[in-house]
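Fold and geometry: a report
One-letter residues, chain by chain:
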Amino acid sequence: MQAKRRYLLVFVVAFLTFWYFGGYHMRHDEELLFDTDALSEYVNINIIQTGYLVRDTERFPKDDRKHCRMETCFDFSKCEKDFKVYVYPPEDSSVPSPSYLKLLNNLDIILPILKKACIFVLNVDTLDRDRLSNDYVRNMQSRLQRLPHWNNGLNHVIFNLYSGTWPNYTENDLDFDYGKAILAKASMSENHVRAGFDISIPLFHKIHPAKGGEQGSTSANNFPLEKTYLLAFKGKRYVHGIGSDTRNSLYHLHNKKDIIMVTTCRHGKSWKDMKDERCDEDNKEYDKYEYETLLHNSTFCLVPRGRRLGSFRFLEALQAGCIPVLLSNSWALPFSQVINWNKAAVWADERLLLQVPHVIRSMTPNKILQLRQQTQILWDRYFSSIEKIVFTTLEIIRERLPKQPVQDGTVWNNFPGALVTLPEFSDYDKDFPFYIDKNENMGFTAVIYCQLGLPLVSNSPLYRLVNHVGRSKYVSKILIVWSSEKRPVSKNRWPGLPLHVPLHIIQPSVNANSGNEPTKMSISQRFYNYKEIQTEAILSLDEDTVLTTDEIDFAFIVWKQFPDRIVGYPGRSHYWDDSKSTWGYTSKWTNDYSIVLTGAAFYHRYYNHLYMEWLSPLLHKTVEQSQNCEDILMNFLVSHVTRRPPVKVTQRKQYKEQASAGAWSPWNDPDHFIQRQTCLNTFAAVFGYMPLLRSNLRLDPVLFKDPVSNKRKKYRRIELVGS
Amino acid sequence: WRNGENHLIFNMVSGSSPDFSRFVELHLGNAMVAGADLDTYTFREKFDISLPAFSPVAKLGEVDNTFRDRSWLVTSSQLNIDPYFLSEMQKFSYQYHDSVLILDSCHIHNYTQRCEIDSGQKYAYPQVLRDSIFCIIFRGERMGQFVLLEAMAANCIPVIVIDGHVMPFNNVIDWKRFSVFIMEDHLNTLMDVLHNISDKRIRQMQNVLLFIYKSYFSSMEQIALTTLDIIQDRVYPHLARTYDEINLLPKEISKNPLFYPMTAPKSHGFTAVILTYDRVESLFILIERLSKVPSLMKVVVVWNNQKKNPPPLADFPKVAKPINVIKTKANKLSNRFYPFREIETEAILHIDDDIVMLTSDEVEFAYEVWREFPDRIVGFPSRTHIWDNVTNAWKYESEWTNAISMVLTGAAFLHKYWSYLYTTDLPADVKDWVDEHMNCEDIAMNFLVANMTNKPPIKVTPRKKFKCPECTNNEMLSADLGHMVERSQCINKFVRAFGRMPLKTVEFRADPVLFKDPFPEKLKRFNDIGSL
């Protein structure tokens, strides 16, 4: 408090000083009609001018590239309809580096045609603009001039990892004039980022995966975290020249116990000519420690600048869950427009190196636990693959466009992150399964997918299913999605339902509700976001699913506890088949499961939106061609987003009526099963990894099959069902 | 002065007509500027601090809550705006005349009065802003406009139409949470953008706006202190407040310390912590049984008997897992939750020395379940709480009901973090109560975890009976009755201490996937699952 008062005094003095010297002439106005305290008189509000005709006065010439802003160097008219990205076709004369090819491959999906492009991406590799490097592309300037839409870089995004070269490593020296292009560049400094225009990206290795990407390597949350080392660094140092001071002084911190700071000057051809008096000693210490060991056995990892501000170490530390301690003054951290790095990293000051041990020793175990988990979240959501880095860059640009919905810092910095929380779905966070308000009274919409068009008689499976759903305490609507060529049964033939449960029949192929090819029957129609679905929860059913009302009610109360997962009955498993080196799919009874089929499962309606709008067209194509596997794909999607397995409830495994002899059902078709196996492998390839996760447990009612009086039990009928 | 180093210059209004410089026209050198007129061209990132232009009249329009019906959708009240802005706004007002209000100065100018631009109708200013959902702030020659603070005070959501303005405190405050940004050239999209904002979002933005204004903007003093806090956070970044602490309403802040969703690694295993007094015989049986659980790493025996020494290690059963015996300094129930250094795993199985009926499969399975829910209490003995309408108080319920809200720590898995939290952060009166009554430490732990995570515990398998059958006699029953009364008292006491009832009720338990299935037992991973 004392300090605060002192601050205030300083403030007042500063203020008065400014008036005295600054020449702002204050006039006293006695006619103010309101109560004023001493400070509020600092301005005469009745006579102050706020300015007029501002639109005609330009502060900077529009073509000044140093002062580019979205409002001066970007053509928004190209982006009016949609946010589309165009990648120039490859040139024969130059093959981009593997890194850049991986980057482009992620973009190809977005727009193969030029029409209506909002953003342009070069096919010429601009990642490495160090003239001394192998990947350096010559004659960039003339290559650019030849591009049909270059237009001095307008609406272009240029990805770059290295700029400048020895000896100065000038930051904005890309060795060509990038004009009005937006730079998505590594190692940017705060002073060079054009505000609200350029984007700082992380430096990544050549082996950085194009897609998927490994999860962070932190597998446990031990508390307190007791690692062998507190702080570690192992790397080269430059004896002379730009940026060398920082690493040259690190040895001061090395205590051979819990702080390991080892450097080497042994790199480059002529290191011996340049070496200083510490090099030999340093090299000796350097050889005693292994980089990977330090990374995984240290609580904090020092990330000092090298020649340039950023280093590979940053992402490596992030992945390893080793909290980065940044020693790189003025570095604009990757995506710092949207990521709050102070939740995952610690800033140190190059000028105050000796304070670093004291600073990190003062961090509480609680804070360390938080920082560490956040490194894993950020790594997993925005950095683990080139795809994520590119999509994060594009998402930041998209948010700047007119009428595009934006996401605030809470979405960006919490699990599951902004790339899978699509803002066009809703601008209200509680509409998403991750932030849902569990206290709300909610019901569910039952969506029954009718593909076979079986006749509806009073003991047919569909008739009974509708009956059982209708008697649920929580159902608010039944939707029949009629996807059969046969005509749907007229409304009065359906079983009688309670008044509060309306029944809608939708024929997507007739109504052309959404989708690309409206006339075709598509199995994905079961996942359309029909406007009739107004509850958060969807109970997805097949027409021949068998479930009792008790089972439906119980599964729903379980779903309310896990609204971000698929909760249901038919559990399936995937496994790695070593002999064939492929993924296998099984519907056999196993001790664990990783898939819950959508023939009898609850899930949040947001996943319908994600399924239709977010999944790669390649995945949709696989489903459309086989007219199969849509349920597996939904499981991939949800597990990818949540990084959690689905939830299986109670014993029931057989969720279909045994097909009567002679009747066709996809389930007794052997090809059907092989197809599903193929799907599994295709999906894993497109996702870039296997997102499915296993669970060892199922959830039953508390008194399930307990030898107590049946009258005590709430979900009594579930026990009659069996497996 | 040293060329301004470590100096901070406050500046609300810089320059004057006709140039309106963005920066104080002084030779500031290396001094930091906290200014209201900064734009992205003059602003030095991570150095200068952008302030709101303080309006002395903003207080007049201040509101204390968000419960107001607002008749206008959007109001433009800035004086003397650029003709382009005005003409765009007028187009909207013709099209949506019931929702758009354009104000300017009246015939005789007085800042606290505004007139509707066509009809000339007079409005008290800034009070009129209380009747509008959104308020537009346009670029003037000055970057900082008084209208911004006036709108914020009136809980009118700011619509910022100022290209290149550095929003006040932009480096710590997330303006996206409570304002709308539209570029000057795209002012024509205004109504589309505003109409697209859902009512729920508007309500949310209003709540955030109220909180942010009250916390950082409501007086000149607060603005100065916010500035100094920001500089302090820069100087001591490791102690700096996080985004959440600055931007989120207290009720929005998630307190769950284990927030990264993951399945805990199996290889780490768990440590069994057994609190014991002198029941050596059953302790040894328990240790012997536990030692057969594959994932057990270590047994830690907490010896609470102050009069007697624990038996020498040589007398303990010879098992393949290490055993540590810790002799406590006082016979306190809280000792079972002390985060001893000897506990090296993140998972702890807390178990009473008389719980000897659990099979190895049951314990291993419970550990598997905990791995999938590492932030929850996962265990066997479950209880629930119910509201008693007769006594108007909470009641402890140990009957076998369809719902559970507590899992007792007589046989439960918990993350080691909770032991720390129990030892360091449990409200003092709760802790004293537990030690004084030698009871309810398990209920206290359930309160503590639920209060942080807002999640219910998870009961595993059918097991419900835990006391030895031969102990049942009439004497015990009456003791049980007294016990139940005291447990209910605990719940009510803890509700007062925590300021709310944090326990959550659920109607499910976790069983192995093939539990009770007609399937060869030897193919089941967990087949020895007992009943009741």
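By the naming in an unreviewed UniProt entry, chain B is Exostosin-2, taken from Exocentrus adspersus. For chain B, the Cofactor (unreviewed entry) comment in UniProt is given as "Mn(2+)". The record held by UniProt for chain B lists under Pathway (unreviewed entry) the comment "Protein modification; protein glycosylation."

Chain A is annotated in an unreviewed UniProt entry as Exostosin-1 from Exocentrus adspersus. The record held by UniProt for chain A lists under Pathway (unreviewed entry) the comment "Protein modification; protein glycosylation." Its UniProt record, at the heading Subcellular location (unreviewed entry), says of chain A: "Endoplasmic reticulum membrane".

Another point: the packing of aromatic side chains. All names here are of chain A. Evaluated as defined, the whole model comprises 53 aromatic pairs over all chains. Taken together, a centroid distance of 6.4 Å and an interplanar angle of 80° make the contact between Tyr229 and Tyr289 edge-to-face. A residue pair is termed long-range when its members are at least 10 positions apart, and Tyr229 in strand β6 (residues 229-236) and Tyr289 in the loop between α7 (279-286) and α8 (291-296) qualify at 60 residues. An aromatic cluster of at least three residues, connected via ring pairs, comprises Phe425, Phe432, Phe434, Tyr435, Tyr606 and Tyr607. The aromatic ring of Tyr251 is capped on one face by Arg278, whose charged end is 3.5 Å from the ring centroid. In this arrangement the basic side chain of Lys653 is found over the ring face of Trp589, its NZ or CZ atom lying 5.0 Å from the centre.

In this section: the interface of chain A and chain B. Every contact between the two is made by 118 residues of chain A and, on the other side, 123 residues of chain B. Here chain A meets chain B over a buried area of about 10,800 Å², counting both sides, of which 58% is carbon and sulfur. The tally of links from chain A across to chain B stands at twelve salt bridges. Where A:Lys653 meets B:Asp517, a salt bridge forms, and the shortest distance between an N and an O atom there is 2.5 Å.

A separate point is the side chain of B:Arg177. Residue and element names in this part refer to chain B. Structurally, the position occupied by Arg177 is in the loop between β9 (157-161) and β10 (180-181). The buried category is assigned to Arg177, whose relative accessible area is 6%. Side-chain polar atoms of Arg177 contact the side chain of Glu252, separated by 2.7 Å.

Residues and elements named next belong to chain A. A cluster of basic residues, Arg471, Lys711, Arg716 and Arg717, forms a positive patch on the protein surface. Positionally, Arg471 belongs in the loop between α14 (461-470) and β12 (475-482). Overall, Arg471 belongs to the exposed group, its relative accessible area being 53%.

Residues A:Phe444, A:Ile478, B:Phe270, B:Leu290 and B:Phe494 are the most contacted members of the largest nonpolar core, which totals 184 residues. Looking at this core, the element that brings in the most residues is helix α11 (residues 441-453) of chain B, giving eight residues. Judged by nonpolar contacts, the second largest core, of 88 residues, contains B:Phe92, B:Leu149, B:Ala151 and B:Ile160.

Here is what the cut-offs are and how they apply
- In this numbering scheme, every chain counts its residues from 1 along its sequence in written order.
- To label them, take the chains in the order written and letter them from A, then take the ligands in the order written and number them from 1.
- Since the coordinates come from a predicted model, pLDDT governs what is reported: local features require at least 70, and pairs of side-chain atoms require 80 or more to be given and counted, while whole-chain, interface and lining totals use all residues.
- As a rule here, side-chain values cover all heavy atoms of the structure and leave hydrogens and water aside.
- UniProt positions are given in the numbering used here, feature names are shortened, and annotations may be inferred rather than shown by experiment.
- Here is the rule: rings of Phe, Tyr and Trp (six-membered ring for Trp) pair when centre to centre is within 6.5 Å. Planes less than 30 degrees apart are stacked, more than 60 are edge-to-face, and the remainder are tilted.
- Numbering goes from the N terminus for both helices and strands, where a helix is a DSSP run of H or I of at least four residues and a strand is a run of E of at least two.
- Criterion for a charge above a ring: Lys NZ or Arg CZ within 6 Å of the ring centre, and within 35 degrees of the ring normal.
- Whether two residues are in contact is decided by their heavy atoms, any of which lying within 4.5 Å being enough.
- Two parts placed together each lose some accessible area; with a 1.4 Å probe, that loss summed over both constitutes the buried area.
- Just to be clear on terms, a salt bridge is a Lys or Arg side-chain nitrogen sitting within 4 Å of an Asp or Glu carboxyl oxygen.
- Here's how the labels work: a residue is buried when its accessible area is under 20% of the maximum for its type, exposed when over 50%, partly exposed in between, all with a 1.4 Å probe on protein chains only.
- Here a polar contact means two N or O atoms within 3.5 Å. Within protein one must be a hydrogen donor candidate and the other an acceptor candidate, and residues neighboring in sequence count only if both atoms are side-chain atoms.
- The patches reported here contain residues having more than 30% relative accessible area and no salt bridge. Joining distances are 9 Å for like charges and 5 Å for nonpolar side chains (Val, Leu, Ile, Met, Phe, Trp, Tyr).
- Per-residue and other accessible areas follow the Shrake-Rupley method at a 1.4 Å probe size, with only the shown protein chains counted as cover for residues.
- The charged-residue count follows a simple rule in which Lys and Arg add positive charge and Asp and Glu add negative charge, with His and chain termini not counted at all.
- Here the site of a charge means NZ on Lys, CZ on Arg, CG on Asp, or CD on Glu.
- Only buried residues count toward a nonpolar core. Its members are Ala, Val, Leu, Ile, Met, Phe, Trp, Tyr and Cys residues joined through side-chain atoms within 4.5 Å.

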